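One-letter residues, chain by chain:
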Amino acid sequence: MIKACLPLLLAVCAFAATKPEDITPKPKAPFVQPVEAERTELHKTIQAYMALPPEQVGAHPAAKDFPGAVESKERIKRTVGYDANLITRWDTSAGNAPNLATGPETWQETGLYAAPGEVITVTAPALPEGRVVRIVVGCHRDSLLKLEKWNRFPIITRSFELQPGENKIANAFGGQLFIQVRNGSAGTGRKAAQAPAPPVKVAPDLTFANAVAMPTYVLGKDTPATWKQSLASSPAPWVTFVAKHAILHVRRSTVAQIADPKPITEWWDKAMELEDDLIALDRLAPERVVPDIQISAGYMHSGYPFMCWLNPSEAEIVDLAKLSTKGNWGFFHELGHNHQRTDWTFPGQTEVTCNLFSLYCMEKLVGLPRGTGHGSIKDLNANMAKRLATPPDMGPFEQLSPFIVLIHAHGWEPLRTTLRSYAQNPARGDVPFKQNVFVVRYGQAAKVDVSDFFAKLGYPVTAETKQALKGLPVFTYAPAAPAGK
């Protein structure tokens, strides 16, 4: 019995003695979490470490590996203005989740970086009334605590709420410095975020001392010459490309050979404009794209920021030649998630309607043939046969296939009109009600009776829906003939 328990006891002792500074994992040598019973204490220790007062923070040994060390000793003092009216906002239409394209969080750029473990002073002459202002340190916000193995330290970002006067901030891993503004006039939480806040008329600013300059390119402001100067004079290990609708964060080594970031930032703007256009999104702030050495879920995941793996996705973020000719289904897909609404995304369709944005961008931006861009949609007939089988195959691409059928039959405009209609006229009701609203709106936009088509897909089409489309030509699905016949 003692021999059988000995390995477990040794493991418990080892993890009990583990200090946060000793956790220095790498992709080829990940840190393996202890047995379930010991994880809670380990996680508490890690969280306490990442909440140390700034004066007690030192550089973590793993910071040099990721997100990276600051090689230069040069530090600067800079005053940065910010928009106090750009606050957290929630999309409450039809009881939806937060609209990530217009919140719930928005980080404002400073062009500055915190070196690992170093204390930065942030001076706020005054803070806008009715606002909570925070400094976010680091863009790699994914927590890995729930994962079995860690390729990096599980938490590497921090945030600090500012008070009027001098504030000290520090992060053991360093990172980009962002300004985040929340509505503080109605307390905290979702209700506060939804409450109207009086506008701030005087533009406030913050002064940062002991910060590191970060290479930054802003579309419409910078030129190849100013970008070259920024890259040469700013020693931070990460760079930022700021477009109107998208912000890209990558390591400086990844963009060192890019002489002019204008074309790649313009490409991302066009991609976002297309995704926004499909649903008539009135965008509050740019999307944010961040590659990480390890992310919390999947090959990529949506959110703010939209996260992807360093390998292979980081290089693809700024590979204009590849993006322009092949696109990137995954990028379009995850940003599509940020555009989804429950008005027209029904149970089981979370991984379906986001692909409408991939299809749209692959055709309209990349120029690929309609209904292409992913290997799983090559055989439309086979996917439709599975979707209409008994029982139906409800896989994501099988469920996407009816939309592709409709796009082939009627073009994009009826679907675009339907999706855009919800911006001004949300569907308020239960799922069957919303499904019938979608069928009616699509049928009226396409000027065809699609009630039977959607009924075969399992939509609970009502007599009222059939009546609303009565008199229109009936749409009937037929498998496409093989090529050459």
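Everything here concerns the structure above.
Everything quoted here is computed from the prediction, not taken from an experiment. (Residues numbered from 1 in each chain as written. Predicted model: local features only at pLDDT ≥ 70, side-chain atom pairs only at ≥ 80, totals over all residues. Heavy atoms only, no water.)

**Brief notes about the packing of helix α6 (residues 262–279) against helix α10 (residues 354–366)**
For step 1, the next point in the chain: Between α6 and α10, whose axes approach to 10 Å, the crossing angle comes to 125°. Compared by their axis directions, α6 and α10 come out oblique. Of the two possible hands of crossing, α6 and α10 adopt the one that is right-handed. Touching W267, K270, A271, L274, E275, D277, L278 and I279 of α6 are L356, F357, Y360, C361, K364 and L365, all from α10.
For step 2, the next point in the chain: Counted by class, the contact of α6 with α10 contains ten nonpolar, no polar and four charged residues. (Axes fitted to C-alpha atoms, helices over the stretch in contact; angles between N-to-C directions. Helix = DSSP H or I, 4+ residues; strand = E, 2+ residues; numbered from the N terminus. Parallel < 35°, antiparallel > 145°, perpendicular 65-115°, else oblique. Left-handed = near helix turned anticlockwise from the far one by under 90°. Contact = heavy atoms within 4.5 Å. Nonpolar A, V, L, I, M, F, W, Y, C, P; charged D, E, K, R; others polar.)

**Here we look at the environment of I23**
For step 1, the next point in the chain: Counting through the fold element by element, I23 comes out in the loop between α1 (2–16) and β1 (31–32).
For step 2, the next point in the chain: Along the sequence, I23 and R152 sit 129 residues apart, while their C-alpha atoms lie 8.4 Å from each other.
For step 3, the next point in the chain: Beyond its immediate chain neighbours, meaning those up to four positions away, I23 contacts T18, F31, L42, I46, H60, A62, W150 and F153.

**What to know about the environment of P34**
For step 1, the next point in the chain: Checked against the element boundaries, P34 lands in the loop between β1 and α2 (36–49).
For step 2, the next point in the chain: Under the relative-accessibility criterion, P34 is labelled buried at 3%.
For step 3, the next point in the chain: Note: C-alpha distance between P34 and E148 (114 residues apart in sequence) is 8.6 Å. (Buried < 20%, exposed > 50% of the residue type's maximum accessible area, 1.4 Å probe, protein only.)

**Section: the side chain of N383**
For step 1, the next point in the chain: In this fold, N383 is placed in helix α11 (residues 380–387).
For step 2, the next point in the chain: Its relative accessible area of 7% is what places N383 among the buried residues.
For step 3, the next point in the chain: A distance of 2.9 Å separates a polar side-chain atom of N383 from the backbone oxygen of S376. (Polar contact = N/O pair within 3.5 Å; in protein donor to acceptor, adjacent residues only side chain to side chain.)

**Quick word on the side chain of H333**
For step 1, the next point in the chain: Its place among the elements puts H333 in helix α9 (residues 329–337).
For step 2, the next point in the chain: Its relative accessible area of 11% is what places H333 among the buried residues.
For step 3, the next point in the chain: Among the polar contacts made by the side chain of H333, one reaches the side chain of E351 at a distance of 3.0 Å.
For step 4, the next point in the chain: Those residues within four positions of H333 in sequence are excluded, and the remaining contacts are E351, C354, N355 and S358.

**A short note on the nonpolar core**
For step 1, the next point in the chain: Among the nonpolar cores identified, the biggest contains 70 residues, and F241, W268, I317, L400, F438, V450 and F454 are the most heavily contacted of them.
For step 2, the next point in the chain: Not counting residues up to four positions away in its chain, the partners in contact with F454 are L406, F438, V439, Y459 and V461.
For step 3, the next point in the chain: Residues F153, A172, V212 and A236 belong to the second largest nonpolar core, which totals 29 residues. (Core = buried A, V, L, I, M, F, W, Y, C linked by side-chain atoms within 4.5 Å.)

**Things to note about the pattern of salt bridges**
For step 1, the next point in the chain: Under the counting rule described, the total for this entry stands at 18 salt bridges.
For step 2, the next point in the chain: For E166, the salt bridge goes to K168, with nearest N and O atoms at 3.7 Å.
For step 3, the next point in the chain: The exposed category is assigned to E166, whose relative accessible area is 57%.
For step 4, the next point in the chain: A residue is classified by how much of its surface remains accessible, and K168, at 35% relative accessible area, is partly exposed. (Salt bridge = Lys/Arg side-chain N within 4 Å of Asp/Glu carboxyl O.)

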